[in-house]
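Spelled out, the chains give:
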Amino acid sequence: MLDVRRLRLLRELKIRGTLAEVAEALQYSPSSVSQQLALLEKEAGVALLRKTGRRVQLTPQAEVLVAHTAQLLETLEQAEADLAASLTTVTGTVRIAVFQSAALALMPDALSRMSASYPEVRVEMTQREPETALHETWARDFDLVIAEQYPGHAAPRYAELDRIPLTSDAIRLAVPPPSPDRPAIMTLADTAELPWVMEPRGAASRHWAEQACRSAGFEPDVRFETADLQAQIRLIESGNAVALMPDLVWTGRGTTARLLGLPGDPHRTVFTSVRRSSAKRPAILAAREILAETAAALGPAGRPPAGTTGTAGTAGTAGAAAAVGRAVTSVTAHRAPPR
């Protein structure tokens, strides 16, 4: 009989590439991982690994086992979800990966609601870039990811992950407050000679912003790079840069920046994904239910501050919340009574 824990180590090696990365992800020592895989080879009776320089490579027989292991882990996760659903109390841990603007706009209220409604559920939150977080949720590092998708820029798809809309928000041009020392800015094309701040290369927001500028007839002068949207806001408000910003970043705060609508009223979609095999686990259902309530409570996503100009319309929070309500089985019956 093949050992499931050792099979999982083999799958992790397929995903992560090196014994050191497997050890770090699972909090083992590299030597322990190597020993367990050697025992798995003995159990299987065939070679599973071969050395290629300093690395190891899976043999064709190992690839067969990895494919079966993925199915086995899904079955076990479904069994755990069914077992949890049979209980009268919602308990357990939900590991959430979330990008920065959603962490700031949604998570404080969502965590308070979870604590009040489902006090026996432990929520662990880690900030991650969406594309990385989707892969890590597929790899079982997280249980739920809050991710984003920009217009015309599809987020990665994994067959094992579902996808439910959470909200959407308008993307606007954020420019410094009016000043006699600065030229008036009314359109995206007016920023062609101005310094820009964007997220680092590889981010979906960076790719979308660059394409928007090129469609407006210029290559943006990206002088500042930071993944910290609060830092971007400070650069804009201080007159040092312009940027394309989604409305969710303005949740709970005002700004001296001017927000200008863009042609076509582009919106970013915010969604949640979980592994399909764990989607019916009550703690995950509870987390999704609370997140949908929190997003709906924001109203039009982000509520852009006064002073917003342009043609941008209202966001799709209500419709997205309705989609969540249809797709996620309610666990309201298991909520704690109001305190």
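For the structure, see preceding data.
Residues numbered from 1 in each chain as written. Predicted model: local features only at pLDDT ≥ 70, side-chain atom pairs only at ≥ 80, totals over all residues. Heavy atoms only, no water.

A.B. asks: I'm lost on the side chain of R6 in this one. Help?
C.D. replies: Within the secondary structure layout, R6 lies in helix α1 (residues 4-16). A distance of 2.3 Å separates the side chain of R6 from the side chain of E43, its partner in a polar contact. Those residues within four positions of R6 in sequence are excluded, and the remaining contacts are Q36, L37, L39, L40 and E43. (Helix = DSSP H or I, 4+ residues; strand = E, 2+ residues; numbered from the N terminus. Polar contact = N/O pair within 3.5 Å; in protein donor to acceptor, adjacent residues only side chain to side chain. Contact = heavy atoms within 4.5 Å.)

A.B. asks: It is not clear to me how the nonpolar core should be interpreted in this structure. Could you clarify?
C.D. replies: What tends to happen in soluble globular proteins is that the nonpolar side chains get buried as a cluster. With 29 residues, the main nonpolar core has V94, L144 and I146 as its most contacted residues. Those elements that provide at least two residues to this core are β3 (92-98), α5 (100-105), α6 (107-117), β5 (144-149), β11 (267-274) and α10 (282-297). Ranked by residue count, the leading element in this core is α10, at seven residues. Setting aside chain neighbours within four positions, we find V94 in contact with V121, R122, V123, E124, D143, L144, A283, I284 and A287. (Core = buried A, V, L, I, M, F, W, Y, C linked by side-chain atoms within 4.5 Å. Buried < 20%, exposed > 50% of the residue type's maximum accessible area, 1.4 Å probe, protein only.)

A.B. asks: Sorry if this is basic, but what is going on with empty space enclosed by the protein here?
C.D. replies: Any empty space left between atoms is shown by rolling a water-sized probe over those atoms. As enumerated under the stated definition, the model contains four cavities of 30 Å³ or more in all. Here the largest cavity defines a volume of roughly 220 Å³. Y150, E199, S205, L229 and Q232 are, among the 24 residues lining the largest cavity, the residues nearest its centre. Elements with a minimum of two residues in the lining of the largest cavity: α5, β7 (195-198), α8 (204-215), α9 (229-237) and β9 (243-246). (1 Å grid on protein atoms, 1.4 Å probe; cavity = no way out; pocket = protein on both sides within 12 Å on 5 of 7 lines; lining within 4 Å. Points joined across faces, edges and corners; volume = space filled by probe spheres on them.)

A.B. asks: I keep staring at unusual backbone geometry and nothing clicks. Help me out?
C.D. replies: Excluding glycine, residues mostly carry a negative phi; peptide bonds, for their part, are mostly trans. For Q27, which is not glycine, the phi torsion reads 60° and is therefore positive. Owing to a relative accessible area of 74%, Q27 belongs among the exposed residues under this scheme. With a phi angle near 50°, D265 is a residue other than glycine that sits in the positive phi range. Following the sequence through the fold, D265 ends up in the loop between β10 (258-260) and β11. D265 gets classed as partly exposed once you look at its relative accessible area, which sits at 24%.

A.B. asks: It is not clear to me how the packing of aromatic side chains should be interpreted in this structure. Could you clarify?
C.D. replies: The way to describe two aromatic rings as a pair is by their centre distance and the angle between their planes. Under the counting rule described, the total for this entry stands at three aromatic pairs. Where W196 meets F218, the ring centres are 6.4 Å apart and the plane angle is 40°; that geometry is what we call tilted. On the criterion of sequence distance, the pair formed by W196 in strand β7 and F218 in the loop between α8 and β8 (221-225) is long-range, its members being 22 residues apart. Geometry around W138 places R11 over its ring, the cationic atom sitting 5.4 Å from the centre. A cation over a ring is seen here: R163 above F271, with NZ or CZ 4.1 Å from the ring centre. (Phe/Tyr/Trp six-rings, centres within 6.5 Å; stacked < 30°, edge-to-face > 60°. Lys NZ or Arg CZ within 6 Å of the ring centre and 35° of its normal.)

A.B. asks: What's the story with the packing of α1 against helix α4 (residues 60-85) in this structure? I'm lost.
C.D. replies: How two helices sit against one another is set out by the angle between their axes and by the gap between those axes. Put simply, α1 and α4 touch, their axes get as near as 9 Å, and they point 115° apart. Viewed along their axes, α1 and α4 adopt a mutual orientation that is roughly perpendicular. Classified by chirality, the crossing of α4 by α1 is left-handed. Contact residues: α1 offers V4, L7, R8, L10, R11 and K14, while α4 offers A62, E63, L65, V66, T69, A70, L72, L73 and L76. Class assignment for the residues of the contact of α1 with α4 results in ten nonpolar, one polar and four charged. (Axes fitted to C-alpha atoms, helices over the stretch in contact; angles between N-to-C directions. Parallel < 35°, antiparallel > 145°, perpendicular 65-115°, else oblique. Left-handed = near helix turned anticlockwise from the far one by under 90°. Nonpolar A, V, L, I, M, F, W, Y, C, P; charged D, E, K, R; others polar.)

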